[in-house]
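Letter by letter, the chains look like this.
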Amino acid sequence: MLNRRTFLGAAAMSAVMLPATRIWAGSNVKLGTIQIDTLSDGNLVLPADFILGGMPQAELKVIVEKFGLSTQQLTPPCNVTLVRDGTNTVLFDVGAGPDFQPSAGKLAEALEALDVAFEDVTHVVFTHGHPDHLWGMLDEFDEPIFANAVHMMGQAEFDYWTDPDTAQTIGDARTTFAVGAARRLGVVADRMTFIADGQEILPGMAARLTPGHTPGHMAFEIRSGSDSVMVVGDAIGNHHVAFERPKWPSGSDQDGERAATTRAALLDQLAADKMRLIGFHLPDGGIGRVEKDGTAYRFVAES
């Protein structure tokens, strides 16, 4: 299973795994007058056991072979969602920034490719407080990068990461997650707006509590008329075991059993409603649909 040494070792290895070319705007979709783009923040480099550890090995072997996964190392993409409705320019999560892994933290270049300046962003909305979603909020002087933006997060998530006890109880492999989140959230605390499950945070955008990956993880439904898409963050964290065996606890989730319950219910709803989703770590830009596949599901990327 993941430990501090293997995690930091994988981070160091990521320095030599930067892709030769990068598609900054991974995918896009329009909902009426709402433009939604996914922006590449790069990718992570993780020990495979961070996600796959502890799963039933015989069944897992079939999935590993089906998706061509490495049993040593996984390199999930990081898709930050940008929503523009003509009035608001909204980022869902802000990427990893420069201090997590060298292969991630590329959001500034992605925004530049779409001619979006930091000061254009009116709202920053966080799904949760893990480094690859949160650490990109400050510049090298510990000042908020999105200086004009209202920052939004669920109250339970904010309270968890700013609680001094979290660093002592989260486990050695994630201690730096807690310390880093507390420092960054402390800087923006006075500009943070707290959001609740079911709340319409902006016109056509509603929060949904999806706990397990972290205690207060949130997804967000964006709707225009009868059309909608759900930004799921890490509630559905990959395109392989999360879809094939959603009820298996994953090493990437802080509460594996609760996350599995959340994930299975979310996949069932998305498939039944034929609603598009955007996954932070899903391939091909992260926008697609969920389809039932027997007793399992599959991710179908938006063409």
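Residues numbered from 1 in each chain as written. Predicted model: local features only at pLDDT ≥ 70, side-chain atom pairs only at ≥ 80, totals over all residues. Heavy atoms only, no water.

Colleague: I'm lost on the overall build of the protein in this one. Help?
Modeller: When helices and strands are counted, the protein shows 10 helices and 16 strands. Relative to a compact globule of 303 residues, whose C-alpha radius of gyration would be 19 Å, the protein shows 18 Å and is just as compact. Taken along its principal axes, the extent of the C-alpha atoms in the protein is 50 × 45 × 40 Å. Residue burial in the protein is summarised as follows: out of 303 residues, 55% are buried. Pairs at least 24 apart in sequence give 70% of the contacts found in the protein among residues at least 6 apart. If the 23 positive side-chain charges of the protein are averaged to one point and the 39 negative ones to another, these points end up 7 Å apart. (Helix = DSSP H or I, 4+ residues; strand = E, 2+ residues; numbered from the N terminus. Rg over C-alpha atoms; globule rule 2.2 N^0.38 Å. Buried < 20%, exposed > 50% of the residue type's maximum accessible area, 1.4 Å probe, protein only. Contact = heavy atoms within 4.5 Å. Lys, Arg positive; Asp, Glu negative; His and termini not counted. Charge placed at Lys NZ, Arg CZ, Asp CG, Glu CD.)

Colleague: Would you explain helix α6 (residues 155-162) in this entry?
Modeller: Helical periodicity: at 3.6 residues per turn, an α-helix aligns residues three or four positions apart in one direction. Taken together, the buried positions of α6 are Glu157, Phe158, Tyr160 and Trp161. For α6, the arc enclosing every buried residue in end-on projection is 160 degrees, short of the 170-degree limit, so these residues lie on one face. The inward-facing, buried residues of α6 abut β8 (150-154), α7 (166-169), α8 (175-188) and β9 (192-195). (Arc of directions from axis to C-beta.)

Colleague: What should I look at first to understand the sheet that holds strand β14 (residues 276-279) in this one?
Modeller: Strand pairing within a sheet occurs via backbone hydrogen bonds; the two strands may be parallel or antiparallel. Read from one edge of the open sheet, 7 strands run β10-β11-β12-β13-β14-β15-β16, paired in mixed fashion. Across the chains shown, the open sheet's two edge strands, defined by having one partner strand only, are β10 (200-202) and β16 (296-301). Pairwise comparison of adjacent strand axes, ignoring direction, gives a mean angle of 35 degrees for this sheet. Relative to β14, strand β13 (residues 227-233) runs parallel, the two sharing 4 bridges. (Pairing = 2+ DSSP bridges. Axes fitted to C-alpha atoms, helices over the stretch in contact; angles between N-to-C directions.)

Colleague: I would appreciate a short explanation of the side chain of Glu157 in the present structure.
Modeller: Relative to the helices and strands, Glu157 is located in helix α6. Arg258 provides the closest opposite charge to the buried, salt-bridge-free Glu157, at an N-O distance of 9.0 Å. A distance of 2.8 Å separates a polar atom in the side chain of Glu157 from the backbone nitrogen of Gly216. For Glu157, the contacting residues outside a window of four places in its chain are His128, Gly129, Thr214, Pro215, Gly216 and His217. (Salt bridge = Lys/Arg side-chain N within 4 Å of Asp/Glu carboxyl O. Polar contact = N/O pair within 3.5 Å; in protein donor to acceptor, adjacent residues only side chain to side chain.)

Colleague: Explanation requested: unusual backbone geometry in the structure shown.
Modeller: Excluding glycine, most residues fall at negative phi; most peptide bonds, likewise, are trans. A positive phi angle, near 75 degrees, is found at Asp93, a position not held by glycine. Of note, Asp93 is situated in the loop between β6 (89-92) and α4 (107-113). A relative accessible area of 2% means that Asp93 is categorised as buried. Residues other than glycine seldom take positive phi values, yet Asp142 does so here, at roughly 60 degrees. Along the polypeptide, Asp142 turns up in the loop between α5 (131-134) and β8. Since its relative accessible area comes to 33%, Asp142 is described here as partly exposed.

Colleague: Help me understand the packing of α6 against α8 in this model?
Modeller: In a packed pair of helices, the relevant descriptors are the angle between the two axes and the axis-to-axis distance. At a closest axis distance of 8 Å, the pairing of α6 and α8 adopts a crossing angle of 115 degrees. Considering their axes alone, α6 and α8 lie roughly perpendicular with respect to each other. Between α6 and α8, the contacting residues are Phe158, Trp161 and Thr162 on the first element and Phe177, Ala178, Ala181, Ala182 and Leu185 on the second. (Parallel < 35°, antiparallel > 145°, perpendicular 65-115°, else oblique.)

Colleague: I'm lost on the side chain of Thr262 in this one. Help?
Modeller: Secondary-structure assignment places Thr262 in helix α10 (residues 256-273). Discounting chain neighbours no more than four positions away, the residues touching Thr262 are Thr210 and Pro211.

Colleague: Can you walk me through the pattern of salt bridges in this structure?
Modeller: It is possible for side chains of opposite charge to pair when their charged atoms get near one another. Under the counting rule described, the total for this entry stands at 12 salt bridges. A salt bridge links Arg84 to Asp37; the shortest N-O distance between them is 2.9 Å. Pair noted here: Arg84 is in strand β5 (residues 77-84) and Asp37 is in strand β2 (residues 34-43), with a separation of 47 residues, a long-range link. Judged by its relative accessible area of 25%, Arg84 falls in the partly exposed class.

Colleague: What should I look at first to understand the confidence of the model for the protein in this one?
Modeller: Fine structural detail should not be taken from predicted coordinates in areas where pLDDT scores are low. Scored by pLDDT, the protein has a mean of 92; 91% of the residues are at 70 or more. The low-confidence segment residues 1-23, where pLDDT is below 50, has 43 contacts with residues more than four positions distant or belonging to other chains. (pLDDT = per-residue confidence, 0-100.)

Colleague: I keep staring at helix α3 (residues 57-67) and nothing clicks. Help me out?
Modeller: Inspection of α3 places Leu60, Ile63 and Val64 among the buried residues, and these make up the whole buried set. Here the buried residues of α3 occupy an arc of 105 degrees about the axis, which is enough to place them on one side. Exposed side of α3, more than 90 degrees from the buried face: Ala58, Lys61, Val62, Glu65 and Lys66 are the residues found there. Along its buried surface, α3 packs onto α2 (49-52) and α9 (241-244). Just beyond α3, the residue with positive phi is Gly68, at close to 65 degrees.

Colleague: Looking at this structure, how should I read a negative patch on the surface?
Modeller: Negative charge collects at one region of the surface, where Glu109, Glu112, Asp115, Glu119 and Asp120 lie side by side. The class of Glu109 is partly exposed, set by a relative accessible area of 39%. (Patch = residues over 30% accessible without salt bridge, like charges linked within 9 Å, V, L, I, M, F, W, Y side chains within 5 Å. Areas by Shrake-Rupley, 256 points an atom, 1.4 Å probe, with all protein chains shown as cover.)

Colleague: Which parts of the structure should I look at to understand the pairing of β6?
Modeller: A regular strand places its side chains so that they alternate between the two faces of the sheet. The two faces of β6 match: Thr89 and Leu91 on one face and Val90 and Phe92 on the other face are all buried. In the sheet, β5 pairs with β6 via 4 bridges, with the strands oriented antiparallel. In the strand pairing of β6, Val83 is matched with Val90. Both β6 and strand β7 (residues 123-125) contribute to a ladder of 3 bridges, which runs parallel. Its bridge partner being in β7, Phe92 is matched across the sheet by Val125. Handedness of the β-α-β unit built from β6, α4 and β7 comes out right-handed. (Right-handed = clockwise from strand over helix to strand, strands pointing away.)

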